[in-house]
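A structural walkthrough
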Amino acid sequence: MMITIEDANEEIYHINPKQVVYVKERVHMGKQMYKIMMTNGEALMTQNEHGARCIIESIKSKQKQKKS
């Protein structure tokens, strides 16, 4: 499953959630931002809440499957 995210520079990324280390939520200059840290060390900053939440849910889903 690939998730499409547009970063703060308006570049579009197609992200495999398996390659995400973490998603950090924070307010920056009065706007809700999400920092997506990839396994290759690349970090993406985005305002795309839907995309960030999809990645988070995908990671949570994988963790639940491992526990079963």
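These remarks concern the structure in this document.

Criteria and cut-off values
Residues numbered from 1 in each chain as written. Predicted model: local features only at pLDDT ≥ 70, side-chain atom pairs only at ≥ 80, totals over all residues. Heavy atoms only, no water. Pairing = 2+ DSSP bridges. Helix = DSSP H or I, 4+ residues; strand = E, 2+ residues; numbered from the N terminus. Axes fitted to C-alpha atoms, helices over the stretch in contact; angles between N-to-C directions. Core = buried A, V, L, I, M, F, W, Y, C linked by side-chain atoms within 4.5 Å. Buried < 20%, exposed > 50% of the residue type's maximum accessible area, 1.4 Å probe, protein only. Contact = heavy atoms within 4.5 Å.

What to know about the sheet that holds strand β5 (residues 43-46)
The strands making up a sheet are joined through hydrogen bonds of the backbone, oriented either antiparallel or parallel. Judged by pairing direction, the sheet is antiparallel, and its three strands sit side by side in the order β3-β4-β5 without closing on themselves. For this open sheet the edge positions go to β3 (20-28) and β5, each flanked by a neighbour on one side alone. Strand after strand, the sheet turns through a mean of 20 degrees between neighbouring axes, direction not considered. Taken together, the four bridges between strand β4 (residues 31-38) and β5 define a ladder with antiparallel strand orientation. In the sheet register, Ile36 faces β5, and the bridge partner there is Leu44.

Focus: the nonpolar core
Membership of the largest hydrophobic core is limited to 12 residues, which are Ile3, Ile5, Ile15, Val20, Val23, Tyr34, Ile36, Met38, Leu44, Ala52, Ile55 and Ile56. Of all elements in the fold, only β1 (3-6), β3, β4 and α1 (49-67) reach the threshold of two or more residues within this core. Once residues within four sequence positions are removed from consideration, Tyr34 is found in contact with Val23, Lys24, Glu25, Leu44, Met45, Thr46, Gln47, Asn48, Glu49, Ala52 and Arg53.

A closer look at the side chain of Thr46
Here Thr46 is to be found in strand β5. Not counting chain neighbours up to four residues away, the residues in contact with Thr46 comprise Ile5, Glu6, Asp7, Ala8, Gln32, Met33, Tyr34 and Ile36.

Looking at the environment of Gln19
Relative to the helices and strands, Gln19 resides in the loop between β2 (12-15) and β3. Given the relative accessible area of 36%, Gln19 is considered partly exposed. Measuring from C-alpha to C-alpha, the distance between Gln19 and Ile59 comes to 9.9 Å, with 40 residues separating the pair along the chain. Every residue in contact with Gln19, bar those within four places of it in the chain, is listed here: Met37, Met38 and Thr39.

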